[in-house]
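Here is what each chain is made of, one letter per residue.
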Amino acid sequence: MIKYIFIFPILAFGQMEFFGYYETEYDHLQLKGTNYNFGYNKLRIDLESRSNENIMIAANINFRLYHGKTNWDFSDFIPEYLGIDSVLFTLPDTMYLDNIYIRSSFPLFDFTIGKQPISLGTGYAWNPLDIFNRKDLLNPTYEQPGINALRMEIPIVDRTVLDAIITPDSSLKMSRKMIQLKSGFGSFDISLNAVVQYHLIPNGEDSYTYDQVYFGGSSFVGELWEFGLWGETLWSLDADNNFGEVVLGVDHTLNNGIYLMAEYFHNSLGAEKDDLRFEHFMHYYNGETHSLMQNYIFAMGMYNITAYISSSLLAFGNLDDQSFILAPQIEWDAFEDVTASILMSQSFGDDDTEFGIQDFALRFRLRAYF
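## Considering the overall build of the protein chain
Part 1 of the reasoning: Regarding its fold elements, the protein chain presents 2 helices and 20 strands.
Part 2 of the reasoning: The principal-axis extents of the C-alpha atoms in the protein chain amount to approximately 60 × 55 × 50 Å.
Part 3 of the reasoning: Out of the 370 residues in the protein chain, the part that is buried amounts to 42%.
Part 4 of the reasoning: Intrachain contacts of the protein chain at a sequence separation of at least 6 include 51% that bridge at least 24 residues.

In C-alpha coordinates, the structure reads:
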(Lines give C-alpha, C1' and ligand atoms only; values in the text may rest on other atoms or scores of the structure.)
Protein backbone atom coordinates (compact mmCIF):
# COMPACT_ATOMS: atom_id res chain seq x y z
CA MET A 1 0.00 0.00 0.00
CA ILE A 2 2.79 2.44 0.95
CA LYS A 3 4.47 2.22 -2.46
CA TYR A 4 1.23 3.24 -4.21
CA ILE A 5 0.81 6.20 -1.86
CA PHE A 6 4.22 7.52 -2.94
CA ILE A 7 3.49 6.91 -6.65
CA PHE A 8 0.49 9.26 -6.77
CA PRO A 9 2.35 12.55 -6.02
CA ILE A 10 5.01 11.64 -8.58
CA LEU A 11 2.42 10.98 -11.26
CA ALA A 12 0.52 14.14 -10.40
CA PHE A 13 3.73 16.16 -10.72
CA GLY A 14 4.17 14.65 -14.18
CA GLN A 15 0.82 16.17 -15.22
CA MET A 16 -0.96 12.89 -15.66
CA GLU A 17 -4.67 12.85 -16.43
CA PHE A 18 -6.74 11.01 -13.81
CA PHE A 19 -10.07 9.30 -14.45
CA GLY A 20 -11.79 6.01 -13.63
CA TYR A 21 -14.83 4.71 -11.80
CA TYR A 22 -16.23 3.34 -8.56
CA GLU A 23 -18.25 0.12 -8.80
CA THR A 24 -20.21 -1.78 -6.20
CA GLU A 25 -21.94 -5.11 -6.74
CA TYR A 26 -24.19 -7.45 -4.79
CA ASP A 27 -24.69 -11.07 -5.91
CA HIS A 28 -26.92 -13.90 -4.80
CA LEU A 29 -26.23 -17.37 -6.18
CA GLN A 30 -28.21 -20.52 -5.46
CA LEU A 31 -26.90 -23.96 -6.41
CA LYS A 32 -27.17 -27.49 -5.01
CA GLY A 33 -29.37 -26.12 -2.24
CA THR A 34 -26.53 -23.82 -1.15
CA ASN A 35 -26.84 -20.04 -1.13
CA TYR A 36 -23.92 -17.70 -1.83
CA ASN A 37 -24.42 -14.05 -0.91
CA PHE A 38 -21.43 -11.92 -1.77
CA GLY A 39 -20.27 -8.73 -3.44
CA TYR A 40 -17.48 -6.22 -3.71
CA ASN A 41 -16.50 -2.56 -3.80
CA LYS A 42 -14.11 -1.67 -6.60
CA LEU A 43 -12.17 1.48 -7.39
CA ARG A 44 -10.35 1.82 -10.72
CA ILE A 45 -8.01 4.78 -11.17
CA ASP A 46 -6.69 5.38 -14.69
CA LEU A 47 -3.64 7.54 -15.35
CA GLU A 48 -2.59 8.78 -18.77
CA SER A 49 0.09 11.15 -19.99
CA ARG A 50 0.86 12.39 -23.51
CA SER A 51 4.07 14.41 -23.39
CA ASN A 52 3.85 14.72 -27.17
CA GLU A 53 1.79 13.25 -29.99
CA ASN A 54 4.15 10.28 -30.39
CA ILE A 55 4.39 9.03 -26.79
CA MET A 56 1.65 7.88 -24.43
CA ILE A 57 2.20 6.47 -20.94
CA ALA A 58 -0.83 4.84 -19.33
CA ALA A 59 -1.62 2.83 -16.24
CA ASN A 60 -4.53 1.87 -14.05
CA ILE A 61 -4.68 0.75 -10.44
CA ASN A 62 -7.52 -1.47 -9.23
CA PHE A 63 -8.73 -1.84 -5.65
CA ARG A 64 -11.32 -4.54 -4.93
CA LEU A 65 -12.73 -5.31 -1.46
CA TYR A 66 -15.06 -8.32 -1.11
CA HIS A 67 -17.87 -8.69 1.39
CA GLY A 68 -20.37 -11.39 2.28
CA LYS A 69 -19.35 -14.99 1.61
CA THR A 70 -15.68 -15.05 0.69
CA ASN A 71 -14.89 -18.72 1.50
CA TRP A 72 -16.16 -20.88 -1.34
CA ASP A 73 -16.26 -24.62 -1.95
CA PHE A 74 -15.27 -25.62 -5.50
CA SER A 75 -17.16 -28.92 -5.14
CA ASP A 76 -20.45 -26.96 -5.11
CA PHE A 77 -19.84 -26.08 -8.76
CA ILE A 78 -19.26 -29.57 -10.16
CA PRO A 79 -21.58 -32.60 -10.42
CA GLU A 80 -21.87 -34.85 -7.36
CA TYR A 81 -21.28 -38.01 -9.39
CA LEU A 82 -17.60 -37.05 -9.75
CA GLY A 83 -17.23 -37.76 -6.02
CA ILE A 84 -14.98 -34.77 -5.27
CA ASP A 85 -14.58 -33.77 -1.61
CA SER A 86 -14.59 -30.17 -0.47
CA VAL A 87 -12.03 -27.95 -2.22
CA LEU A 88 -12.05 -24.62 -0.41
CA PHE A 89 -10.77 -21.32 -1.78
CA THR A 90 -11.03 -17.68 -0.70
CA LEU A 91 -11.88 -14.50 -2.59
CA PRO A 92 -9.03 -12.20 -1.49
CA ASP A 93 -9.13 -8.41 -1.39
CA THR A 94 -6.85 -7.10 -4.11
CA MET A 95 -4.87 -3.99 -4.98
CA TYR A 96 -2.70 -4.11 -8.07
CA LEU A 97 -1.42 -2.33 -11.17
CA ASP A 98 -3.71 -3.80 -13.81
CA ASN A 99 -2.06 -1.99 -16.72
CA ILE A 100 1.14 0.00 -17.03
CA TYR A 101 2.62 0.55 -20.47
CA ILE A 102 4.15 3.00 -22.93
CA ARG A 103 3.02 3.37 -26.54
CA SER A 104 5.35 5.00 -29.06
CA SER A 105 4.42 6.05 -32.58
CA PHE A 106 7.22 6.01 -35.15
CA PRO A 107 6.98 6.90 -38.86
CA LEU A 108 6.82 3.23 -39.93
CA PHE A 109 5.26 1.46 -36.92
CA ASP A 110 3.67 1.76 -33.46
CA PHE A 111 5.28 -0.03 -30.53
CA THR A 112 3.73 -0.83 -27.14
CA ILE A 113 5.61 -2.37 -24.24
CA GLY A 114 4.39 -3.23 -20.74
CA LYS A 115 1.27 -4.66 -19.13
CA GLN A 116 -1.36 -3.58 -21.62
CA PRO A 117 -4.97 -4.26 -22.71
CA ILE A 118 -5.11 -6.84 -25.51
CA SER A 119 -8.44 -8.05 -26.91
CA LEU A 120 -8.37 -10.08 -30.10
CA GLY A 121 -11.01 -11.56 -32.36
CA THR A 122 -14.43 -10.60 -33.66
CA GLY A 123 -16.66 -12.81 -31.50
CA TYR A 124 -18.91 -11.44 -28.76
CA ALA A 125 -19.14 -14.28 -26.22
CA TRP A 126 -16.12 -16.34 -27.34
CA ASN A 127 -12.82 -15.47 -29.01
CA PRO A 128 -10.76 -18.43 -30.28
CA LEU A 129 -8.06 -15.99 -31.44
CA ASP A 130 -7.69 -14.42 -28.00
CA ILE A 131 -5.00 -16.64 -26.50
CA PHE A 132 -4.58 -14.23 -23.57
CA ASN A 133 -8.09 -13.82 -22.07
CA ARG A 134 -11.33 -15.59 -21.27
CA LYS A 135 -14.85 -14.16 -20.93
CA ASP A 136 -17.76 -14.45 -18.51
CA LEU A 137 -20.87 -15.47 -20.48
CA LEU A 138 -23.09 -13.38 -18.22
CA ASN A 139 -20.88 -10.35 -18.84
CA PRO A 140 -18.82 -10.82 -22.05
CA THR A 141 -17.94 -7.14 -22.46
CA TYR A 142 -16.49 -6.60 -18.97
CA GLU A 143 -12.92 -5.27 -18.98
CA GLN A 144 -10.14 -7.83 -19.19
CA PRO A 145 -6.90 -7.80 -17.18
CA GLY A 146 -3.71 -6.35 -18.60
CA ILE A 147 -1.24 -8.62 -20.42
CA ASN A 148 2.52 -8.17 -20.08
CA ALA A 149 3.57 -8.01 -23.74
CA LEU A 150 5.55 -6.39 -26.50
CA ARG A 151 3.41 -5.36 -29.46
CA MET A 152 4.37 -3.86 -32.82
CA GLU A 153 1.81 -2.67 -35.39
CA ILE A 154 3.11 -1.89 -38.88
CA PRO A 155 0.81 -0.20 -41.45
CA ILE A 156 1.53 -1.66 -44.89
CA VAL A 157 -1.04 -0.28 -47.31
CA ASP A 158 -4.54 1.15 -46.96
CA ARG A 159 -6.60 -0.97 -44.48
CA THR A 160 -3.71 -3.44 -44.05
CA VAL A 161 -1.69 -3.73 -40.82
CA LEU A 162 0.85 -6.31 -39.68
CA ASP A 163 0.50 -6.90 -35.93
CA ALA A 164 3.08 -8.86 -33.89
CA ILE A 165 2.62 -9.72 -30.19
CA ILE A 166 4.89 -11.61 -27.78
CA THR A 167 4.29 -12.22 -24.07
CA PRO A 168 7.68 -12.86 -22.42
CA ASP A 169 8.01 -15.95 -20.23
CA SER A 170 10.87 -17.81 -18.53
CA SER A 171 12.32 -18.59 -21.96
CA LEU A 172 11.68 -17.60 -25.56
CA LYS A 173 10.26 -21.06 -26.23
CA MET A 174 7.72 -20.71 -23.40
CA SER A 175 6.67 -17.21 -24.54
CA ARG A 176 3.42 -16.85 -26.44
CA LYS A 177 3.85 -15.39 -29.92
CA MET A 178 1.26 -14.19 -32.44
CA ILE A 179 1.48 -12.52 -35.83
CA GLN A 180 -1.67 -11.30 -37.53
CA LEU A 181 -2.22 -9.61 -40.86
CA LYS A 182 -5.33 -7.40 -40.71
CA SER A 183 -6.90 -6.05 -43.88
CA GLY A 184 -10.19 -5.15 -45.49
CA PHE A 185 -12.18 -6.40 -48.44
CA GLY A 186 -15.30 -4.46 -49.38
CA SER A 187 -17.52 -4.13 -46.31
CA PHE A 188 -15.57 -6.80 -44.41
CA ASP A 189 -12.49 -6.65 -42.21
CA ILE A 190 -10.44 -9.84 -42.15
CA SER A 191 -7.33 -11.20 -40.45
CA LEU A 192 -4.92 -14.09 -40.93
CA ASN A 193 -3.17 -15.29 -37.78
CA ALA A 194 -0.23 -17.48 -36.82
CA VAL A 195 0.37 -18.49 -33.18
CA VAL A 196 3.08 -20.40 -31.32
CA GLN A 197 2.44 -21.23 -27.67
CA TYR A 198 2.62 -23.92 -25.01
CA HIS A 199 -0.88 -25.34 -24.89
CA LEU A 200 -2.97 -28.10 -23.41
CA ILE A 201 -3.18 -31.02 -25.87
CA PRO A 202 -4.85 -34.43 -25.75
CA ASN A 203 -2.53 -37.29 -24.81
CA GLY A 204 -4.45 -40.42 -25.75
CA GLU A 205 -8.13 -40.79 -24.86
CA ASP A 206 -8.01 -40.22 -21.11
CA SER A 207 -5.46 -37.51 -20.35
CA TYR A 208 -3.91 -34.22 -21.38
CA THR A 209 -0.40 -32.81 -21.45
CA TYR A 210 1.36 -29.58 -22.45
CA ASP A 211 3.58 -28.98 -25.44
CA GLN A 212 4.55 -26.29 -27.91
CA VAL A 213 1.84 -26.03 -30.56
CA TYR A 214 1.71 -24.13 -33.86
CA PHE A 215 -1.71 -22.69 -34.73
CA GLY A 216 -3.24 -21.07 -37.77
CA GLY A 217 -6.31 -18.86 -37.59
CA SER A 218 -8.42 -16.19 -39.21
CA SER A 219 -11.34 -13.85 -38.56
CA PHE A 220 -13.84 -11.73 -40.43
CA VAL A 221 -16.49 -9.15 -39.57
CA GLY A 222 -18.76 -7.13 -41.81
CA GLU A 223 -22.26 -6.52 -43.09
CA LEU A 224 -24.31 -8.28 -45.76
CA TRP A 225 -27.92 -7.34 -46.60
CA GLU A 226 -28.32 -5.39 -43.33
CA PHE A 227 -27.12 -8.39 -41.32
CA GLY A 228 -23.89 -8.23 -39.37
CA LEU A 229 -21.75 -11.32 -39.85
CA TRP A 230 -18.58 -12.38 -38.07
CA GLY A 231 -16.50 -15.42 -37.34
CA GLU A 232 -13.09 -16.54 -36.19
CA THR A 233 -11.11 -19.72 -35.73
CA LEU A 234 -7.83 -20.94 -34.33
CA TRP A 235 -6.73 -24.48 -35.22
CA SER A 236 -3.61 -26.52 -34.54
CA LEU A 237 -1.37 -27.27 -37.54
CA ASP A 238 -0.15 -30.64 -36.24
CA ALA A 239 -1.76 -33.40 -38.29
CA ASP A 240 -1.31 -35.88 -35.42
CA ASN A 241 -2.90 -33.56 -32.84
CA ASN A 242 -5.53 -31.65 -34.77
CA PHE A 243 -7.81 -29.55 -32.54
CA GLY A 244 -9.14 -26.04 -32.32
CA GLU A 245 -12.06 -23.67 -31.94
CA VAL A 246 -14.45 -21.81 -34.21
CA VAL A 247 -17.17 -19.21 -33.60
CA LEU A 248 -19.79 -17.86 -36.03
CA GLY A 249 -22.16 -14.98 -35.32
CA VAL A 250 -24.93 -12.89 -36.84
CA ASP A 251 -26.86 -9.81 -35.71
CA HIS A 252 -29.64 -7.58 -37.01
CA THR A 253 -31.59 -4.54 -35.82
CA LEU A 254 -35.31 -4.62 -36.56
CA ASN A 255 -37.25 -1.57 -37.71
CA ASN A 256 -38.77 -1.18 -34.23
CA GLY A 257 -35.30 -0.85 -32.68
CA ILE A 258 -34.94 -4.35 -31.26
CA TYR A 259 -31.39 -5.66 -31.64
CA LEU A 260 -30.93 -9.42 -32.06
CA MET A 261 -27.69 -11.40 -32.00
CA ALA A 262 -26.67 -15.07 -31.97
CA GLU A 263 -23.39 -17.00 -31.86
CA TYR A 264 -22.38 -20.63 -32.19
CA PHE A 265 -19.13 -21.89 -30.67
CA HIS A 266 -17.32 -25.20 -31.17
CA ASN A 267 -14.29 -26.34 -29.17
CA SER A 268 -12.95 -29.73 -30.28
CA LEU A 269 -10.72 -29.86 -27.18
CA GLY A 270 -13.74 -29.78 -24.87
CA ALA A 271 -15.02 -32.88 -23.11
CA GLU A 272 -17.64 -35.14 -24.60
CA LYS A 273 -20.83 -35.51 -22.57
CA ASP A 274 -20.16 -39.09 -21.43
CA ASP A 275 -16.46 -38.51 -20.76
CA LEU A 276 -16.59 -35.56 -18.35
CA ARG A 277 -13.96 -35.75 -15.60
CA PHE A 278 -12.71 -33.52 -12.80
CA GLU A 279 -9.65 -32.48 -14.80
CA HIS A 280 -11.91 -30.97 -17.48
CA PHE A 281 -13.38 -28.62 -14.85
CA MET A 282 -9.89 -27.72 -13.60
CA HIS A 283 -8.63 -26.93 -17.12
CA TYR A 284 -11.72 -24.82 -17.81
CA TYR A 285 -11.74 -22.84 -14.56
CA ASN A 286 -7.99 -22.27 -14.86
CA GLY A 287 -8.55 -20.67 -18.28
CA GLU A 288 -6.67 -23.36 -20.19
CA THR A 289 -9.72 -24.04 -22.38
CA HIS A 290 -12.45 -21.62 -23.48
CA SER A 291 -15.27 -24.05 -22.67
CA LEU A 292 -16.02 -27.17 -20.66
CA MET A 293 -17.57 -29.16 -23.50
CA GLN A 294 -17.67 -28.83 -27.28
CA ASN A 295 -20.81 -27.12 -28.62
CA TYR A 296 -22.45 -23.93 -27.33
CA ILE A 297 -24.97 -21.30 -28.35
CA PHE A 298 -25.34 -17.67 -27.24
CA ALA A 299 -28.21 -15.32 -28.10
CA MET A 300 -29.14 -11.80 -27.04
CA GLY A 301 -31.94 -9.32 -27.60
CA MET A 302 -31.72 -5.63 -26.63
CA TYR A 303 -34.23 -2.78 -26.64
CA ASN A 304 -34.03 0.83 -25.42
CA ILE A 305 -37.21 1.39 -23.40
CA THR A 306 -36.45 5.09 -22.94
CA ALA A 307 -33.45 7.33 -23.56
CA TYR A 308 -32.16 6.32 -20.11
CA ILE A 309 -33.40 2.75 -19.62
CA SER A 310 -32.35 -0.23 -21.73
CA SER A 311 -33.37 -3.86 -21.45
CA SER A 312 -31.71 -7.02 -22.65
CA LEU A 313 -32.26 -10.76 -22.56
CA LEU A 314 -29.33 -13.18 -22.66
CA ALA A 315 -29.68 -16.87 -23.39
CA PHE A 316 -26.80 -19.30 -23.69
CA GLY A 317 -26.40 -23.00 -23.36
CA ASN A 318 -24.38 -26.16 -23.64
CA LEU A 319 -25.76 -28.09 -26.61
CA ASP A 320 -23.98 -31.28 -25.52
CA ASP A 321 -25.59 -31.73 -22.09
CA GLN A 322 -28.72 -29.68 -22.91
CA SER A 323 -28.32 -27.14 -20.09
CA PHE A 324 -29.12 -23.45 -20.55
CA ILE A 325 -29.31 -20.13 -18.74
CA LEU A 326 -31.86 -17.36 -19.37
CA ALA A 327 -30.89 -13.94 -18.01
CA PRO A 328 -32.96 -10.73 -18.33
CA GLN A 329 -31.27 -7.43 -17.48
CA ILE A 330 -32.31 -3.81 -16.98
CA GLU A 331 -29.78 -0.96 -17.14
CA TRP A 332 -30.61 2.57 -16.02
CA ASP A 333 -28.51 5.69 -16.66
CA ALA A 334 -29.63 7.20 -13.37
CA PHE A 335 -27.52 10.35 -13.58
CA GLU A 336 -24.74 11.65 -15.77
CA ASP A 337 -21.85 9.17 -15.44
CA VAL A 338 -23.85 6.93 -13.05
CA THR A 339 -25.30 3.61 -14.25
CA ALA A 340 -27.26 1.02 -12.30
CA SER A 341 -28.15 -2.46 -13.55
CA ILE A 342 -29.92 -5.53 -12.27
CA LEU A 343 -29.58 -9.00 -13.81
CA MET A 344 -31.42 -12.20 -12.94
CA SER A 345 -30.60 -15.63 -14.31
CA GLN A 346 -32.45 -18.92 -14.23
CA SER A 347 -30.92 -22.20 -15.30
CA PHE A 348 -32.58 -25.08 -17.14
CA GLY A 349 -31.28 -28.62 -17.28
CA ASP A 350 -30.49 -31.59 -15.07
CA ASP A 351 -28.73 -30.98 -11.76
CA ASP A 352 -25.54 -32.70 -12.97
CA THR A 353 -25.15 -30.53 -16.11
CA GLU A 354 -22.88 -27.53 -16.59
CA PHE A 355 -25.49 -24.80 -16.26
CA GLY A 356 -28.32 -26.81 -14.67
CA ILE A 357 -26.30 -27.03 -11.46
CA GLN A 358 -26.49 -23.27 -10.91
CA ASP A 359 -30.25 -22.82 -10.27
CA PHE A 360 -30.90 -19.09 -9.73
CA ALA A 361 -28.72 -15.96 -9.55
CA LEU A 362 -29.26 -12.25 -8.97
CA ARG A 363 -26.79 -9.41 -9.55
CA PHE A 364 -27.12 -5.72 -8.75
CA ARG A 365 -24.35 -3.37 -9.94
CA LEU A 366 -23.83 0.36 -9.58
CA ARG A 367 -21.01 2.20 -11.37
CA ALA A 368 -20.06 5.90 -11.16
CA TYR A 369 -17.43 7.39 -13.45
CA PHE A 370 -15.18 10.32 -12.63
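On we go.
## Focus: the nonpolar core
Part 1 of the reasoning: In this structure, Trp126, Leu137, Phe281, Leu292, Tyr296 and Phe298 are the most contacted members of the largest nonpolar core, which totals 25 residues.
Part 2 of the reasoning: Of all elements in the fold, only β15 (259–267), α2 (278–285), β16 (295–304), β17 (309–318) and β18 (323–335) reach the threshold of two or more residues within this core.
Part 3 of the reasoning: Sort the elements by how many residues they give to this core and β16 lands first, with 3 residues.
Part 4 of the reasoning: In this structure, Phe281 is in contact with Phe74, Phe77, Ile78, Pro79, Leu82, Leu276 and Leu292, ignoring residues within four places of it in sequence.
Part 5 of the reasoning: Among the nonpolar cores identified, the runner-up in size contains 17 residues, and Ile131, Leu200, Ile201 and Phe243 belong to it.

## With respect to the side chain of Ser310
Part 1 of the reasoning: Relative to the helices and strands, Ser310 is located in strand β17.
Part 2 of the reasoning: The residues touching Ser310, leaving out its near neighbours within four places in the chain, are Tyr303, Asn304, Ile305, Gln329, Ile330 and Glu331.

## Side note on the packing of aromatic side chains
Part 1 of the reasoning: Here the structure, examined in full by the defined rule, presents 21 aromatic pairs.
Part 2 of the reasoning: Ring geometry for Trp72 versus Phe89: centroids 6.1 Å apart, planes at 50°, classification tilted. One end of the pair, Trp72, is in strand β4 (residues 71–73); the other, Phe89, is in strand β5 (residues 88–90), with 17 residues separating them in the sequence.
Part 3 of the reasoning: Its relative accessible area of 10% is what places Trp72 among the buried residues.
Part 4 of the reasoning: The positively charged end of Arg64 is found above the aromatic ring belonging to Tyr40, 4.4 Å away from the centroid.
Part 5 of the reasoning: Note that Lys69 overlies the ring of Tyr36, its terminal NZ or CZ placed 5.1 Å from the centroid.

## Some remarks on the pattern of salt bridges
Part 1 of the reasoning: Counted by the stated rule, this structure contains 13 salt bridges.
Part 2 of the reasoning: Where Arg44 meets Glu143, a salt bridge forms, and the shortest distance between an N and an O atom there is 3.2 Å. With Arg44 in strand β2 (residues 34–52) and Glu143 in the loop between β7 (110–116) and β8 (147–157), the pair connects residues that are 99 residues apart, well separated along the chain.
Part 3 of the reasoning: Across the pair Asp163 and Lys182 runs a salt bridge whose closest N-O atoms are separated by 3.7 Å. Of the two residues, Asp163 is situated in strand β9 (residues 160–167) and Lys182 in strand β10 (residues 176–185); the sequence distance between them amounts to 19 residues.
Part 4 of the reasoning: Judged by relative accessible area, Lys182 falls into the partly exposed class, the value being 27%.
Part 5 of the reasoning: Among the charged side chains, a salt-bridge network with shared partners connects Glu23, Glu25, Arg365 and Arg367.

## Notes on a negative patch on the surface
Part 1 of the reasoning: Together, Glu80, Asp350, Asp351 and Asp352 line one region of the surface with negative charge.
Part 2 of the reasoning: Among the structural elements, Asp351 can be located in the loop between β19 (338–348) and β20 (360–369).
Part 3 of the reasoning: Residue Asp351 is classed as exposed on the basis of its relative accessible area, which comes to 61%.

## Regarding the environment of Met152
Part 1 of the reasoning: Within the secondary structure layout, Met152 lies in strand β8.
Part 2 of the reasoning: For the pair formed by Met152 and Gln212, sequence separation is 60 residues and the distance between their alpha carbons is 23 Å.
Part 3 of the reasoning: Beyond its immediate stretch of four places on either side in the chain, Met152 contacts Phe109, Asp110, Phe111, Leu162, Asp163 and Ala164.

## A closer look at the pairing of β17
Part 1 of the reasoning: The pairing of β16 with β17 spans 9 bridges and is antiparallel. When the bridges of β17 are listed, Tyr303 appears paired with Ser311.
Part 2 of the reasoning: The turn joining β16 and β17, which pair antiparallel and follow one another in sequence, is formed by 4 residues.
Part 3 of the reasoning: Judged from the 10 bridges that link them, β17 and β18 form a sheet pairing that is antiparallel. Within β18, the residue paired with Leu314 across the bridge is Ala327.
Part 4 of the reasoning: Between β17 and β18, which pair antiparallel and follow one another directly, the connecting turn spans 4 residues, one of which, Gln322, has a positive phi of 60°.

Rules used throughout
Residues numbered from 1 in each chain as written. Predicted model: local features only at pLDDT ≥ 70, side-chain atom pairs only at ≥ 80, totals over all residues. Heavy atoms only, no water. Helix = DSSP H or I, 4+ residues; strand = E, 2+ residues; numbered from the N terminus. Buried < 20%, exposed > 50% of the residue type's maximum accessible area, 1.4 Å probe, protein only. Contact = heavy atoms within 4.5 Å. Core = buried A, V, L, I, M, F, W, Y, C linked by side-chain atoms within 4.5 Å. Phe/Tyr/Trp six-rings, centres within 6.5 Å; stacked < 30°, edge-to-face > 60°. Lys NZ or Arg CZ within 6 Å of the ring centre and 35° of its normal. Salt bridge = Lys/Arg side-chain N within 4 Å of Asp/Glu carboxyl O. Patch = residues over 30% accessible without salt bridge, like charges linked within 9 Å, V, L, I, M, F, W, Y side chains within 5 Å. Areas by Shrake-Rupley, 256 points an atom, 1.4 Å probe, with all protein chains shown as cover. Lys, Arg positive; Asp, Glu negative; His and termini not counted. Charge placed at Lys NZ, Arg CZ, Asp CG, Glu CD. Pairing = 2+ DSSP bridges.

By themselves these figures say nothing about function.
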